[in-house]
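Survey of secondary and tertiary structure
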Amino acid sequence: MKALILVDIQNDFTPTGTLSVPEGDQVVPVVNKIMDKFGLVVATQDWHPPDHKSFAVHHDKDPGEIIMLNGIEQILWPVHCVQGSVGAELVAGLNSKGIAKVFQKGMDREVDSYSGFFDNDHKTATGLGDYLKEQGVDEVYITGLALDVCVKFTALDANSLGFKTKVVVDATRAVNINAGDGDRAIADMKAVGIEPVMSGDV
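Below or above, wherever it landed, is the structure these notes cover. (Residues numbered from 1 in each chain as written. Predicted model: local features only at pLDDT ≥ 70, side-chain atom pairs only at ≥ 80, totals over all residues. Heavy atoms only, no water.)

Considering the pattern of salt bridges
Using the criterion set out here, one finds ten salt bridges in the structure. A salt bridge links Glu110 to Lys53; its shortest N-O distance comes to 3.1 Å. Of this pair, Glu110 sits in the loop between strand 5 (101-105) and helix 2 (128-134) while Lys53 sits in the loop between strand 2 (40-46) and strand 3 (66-69), placing them 57 residues apart in sequence. When salt bridges that share partners are traced, they join Asp51, Lys53, Arg109 and Glu110 into one network. (Salt bridge = Lys/Arg side-chain N within 4 Å of Asp/Glu carboxyl O. Helix = DSSP H or I, 4+ residues; strand = E, 2+ residues; numbered from the N terminus.)

Laid out in structure tokens, this is it:
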């Protein structure tokens, strides 16, 4: 069975959010259009405590600066997707009725979680991988925000867990902290066998 994974389609990643992804809201109609082509649709949700150590404000630094956090290189971000906040909610226009289960991530203040499958130190799993396998899923299509961060790392982990992995390019957008990050993310994914596709080909 093939499943659709919606990565972090949340208010704070839209153009009016605190960690705005350019055109981030434009993935919603594309995702809604393809949801009924899948036997299973799941979503991930960034769900940070207010004191999460990936927030630049807690280090007296600017977003985009890089620090070492518990032995892992960490990009510092604006405060975003705080548990219970409007910014952490799934975007209102998203067809949430079609989502079977939502997997929350980034809840440990000491480690960030880009992937929908694991924290960045790979010590803690969200349960998404086991759930998909229990449902008989062997192929995943990944959409959402942002292409060059959470979509990329979710796809890389899906691939490493043995799922045939595709990224729906027109159903994702890049944050592009550095120019070209989105293009590099696609190249990195293709290099390990992840296939970029368009929504019309799903």
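Let's talk about the nonpolar core
Ranked by internal contacts, the top residues of the largest apolar core, which has 57 residues, are Ile5, Leu6, Leu132, Val140 and Ile142. Elements that contribute at least two residues to this core include exactly strand 1 (2-7), helix 1 (27-34), strand 2, helix 2, strand 6 (139-145), helix 3 (147-160), strand 7 (164-173) and helix 4 (181-191). Ranked by residue count, the leading element in this core is helix 3, at six residues. Beyond its immediate sequence surroundings of up to four residues, Leu6 is in contact with Val31, Met35, Val41, Val42, Ala43, Thr44, Leu94, Ile99 and Thr143. (Core = buried A, V, L, I, M, F, W, Y, C linked by side-chain atoms within 4.5 Å. Buried < 20%, exposed > 50% of the residue type's maximum accessible area, 1.4 Å probe, protein only. Contact = heavy atoms within 4.5 Å.)

Considerations on the packing of aromatic side chains
Enumeration according to the criterion identifies five aromatic pairs in this entry. Geometrically, the ring pair formed by Phe38 and Tyr141 is edge-to-face, given 5.2 Å between the ring centres and 70° between the ring planes. One end of the pair, Phe38, is in the loop between helix 1 and strand 2; the other, Tyr141, is in strand 6, and 103 residues separate them in sequence. Exposure remark for Phe38: the relative accessible area of 9% places this residue in the buried category. (Phe/Tyr/Trp six-rings, centres within 6.5 Å; stacked < 30°, edge-to-face > 60°.)

Here's the deal with the layout of surface pockets
There is about 380 Å³ of room inside the largest pocket. Lining of the largest pocket is provided by 20 residues; of these, Ile75, Asp148, Val149, Phe153 and Asp181 occupy positions nearest its centre. Split into classes, the residues belonging to the lining of the largest pocket amount to ten nonpolar, four polar and six charged. (1 Å grid on protein atoms, 1.4 Å probe; cavity = no way out; pocket = protein on both sides within 12 Å on 5 of 7 lines; lining within 4 Å. Points joined across faces, edges and corners; volume = space filled by probe spheres on them. Nonpolar A, V, L, I, M, F, W, Y, C, P; charged D, E, K, R; others polar.)

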